[in-house]
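Results of the structural survey
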Amino acid sequence: MTETEAILFDAYGTVLDVGTYHHDITQYVVQQSKSLFGIATSVDEFNAYWNNEFELAFKDVIAYCGEFRNMRDLYGISTRNVFHRYGICVQDAYTEELNYVYKKMLDEAVTILPNVKKTLDALYANGIQLGMVSNGDTEELSAHLNGVSDLFDVIVTSEELEVYKPHPRIFNETLQKMGIAREKTAFVGDSIISDICGAKKAGLKTIWYNKRRRTPTHGLCPD
């Protein structure tokens, strides 16, 4: 077996823990919806609609069906489209206001868990090259990695390259930046599609960070 010389990591959900962020932002919007528009909905219903709209918007981008949109833009588009489901046409200014709240809540929620920091420190001390490939936005990720960013030789975001995982190009360009062979590189991530499927397409060994003990889907088998 070829010795692993480099490990690439996903960011959010793997190195960075976001706690109850997604539930919290949904709860905030539901409260706003009731007071501003009189929409009677539950957090679960609104969240299900939002996830569906986000998936549709995200698929459009990764399938090159439209211009590239960064993650913050996709959050805004998804929120606006959910309001449309309730017959509400929200102004761009209100969508931008919600996006500002989303970002602020993420800044407050995101943490690097002690065991994650310990793992990264140990790998770095043992001479393993570390890289990061994230579907996040560059400026936000840079702020959230405070304290561990120096451990990574390369940090690549979808916003920087205008392409999202699971597209293999984002993995390939990261390998090129690091100057490391793919057969000597492993990828660690929590998404079975974006991370494991994408890394496999790029020819990398895959490690699924599966803290919720889910069952692999789509016939994928992490290494």
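Here, the structure is the one placed above.
What comes next is a walk through the structure.

The next thing to look at is the sheet that holds strand 4 (residues 185-189). Strand order in the open sheet formed by five strands is 3-2-1-4-5, with parallel pairing between adjacent strands. Sheet topology places strand 3 (154-157) and strand 5 (205-208) at the edges, where each strand pairs with a single neighbour. In this sheet, adjacent strand axes meet at a mean angle of 20° when their direction is disregarded. Pairing analysis gives four bridges linking strand 1 (residues 6-9) to strand 2 (residues 129-134), with the strands arranged parallel. Residue pairing in the sheet places Ile 7 in a bridge with Leu 130 of strand 2.

It is worth spelling out the packing of aromatic side chains at this point. Within this structure, the stated rule accounts for 15 aromatic pairs. Ring centres 6.0 Å apart and planes at 70° place the aromatic pair Phe 46 and Phe 83 in the edge-to-face group. Separated by 37 residues along the polypeptide, Phe 46 in helix 2 (residues 43-62) and Phe 83 in helix 3 (residues 71-85) bring together distant segments of the chain. Overall, the relative accessible area of 0% leaves Phe 83 in the buried class. What links up through ring pairs into an aromatic cluster is the set Trp 50, Phe 54, Phe 58, Phe 68, Tyr 75, Tyr 102 and Tyr 164. Of note, Arg 72 hangs over the ring of Tyr 75, and the distance from its end group to the ring centre comes to 5.2 Å.

Calculation notes
Residues numbered from 1 in each chain as written. Predicted model: local features only at pLDDT ≥ 70, side-chain atom pairs only at ≥ 80, totals over all residues. Heavy atoms only, no water. Pairing = 2+ DSSP bridges. Helix = DSSP H or I, 4+ residues; strand = E, 2+ residues; numbered from the N terminus. Axes fitted to C-alpha atoms, helices over the stretch in contact; angles between N-to-C directions. Phe/Tyr/Trp six-rings, centres within 6.5 Å; stacked < 30°, edge-to-face > 60°. Buried < 20%, exposed > 50% of the residue type's maximum accessible area, 1.4 Å probe, protein only. Lys NZ or Arg CZ within 6 Å of the ring centre and 35° of its normal.

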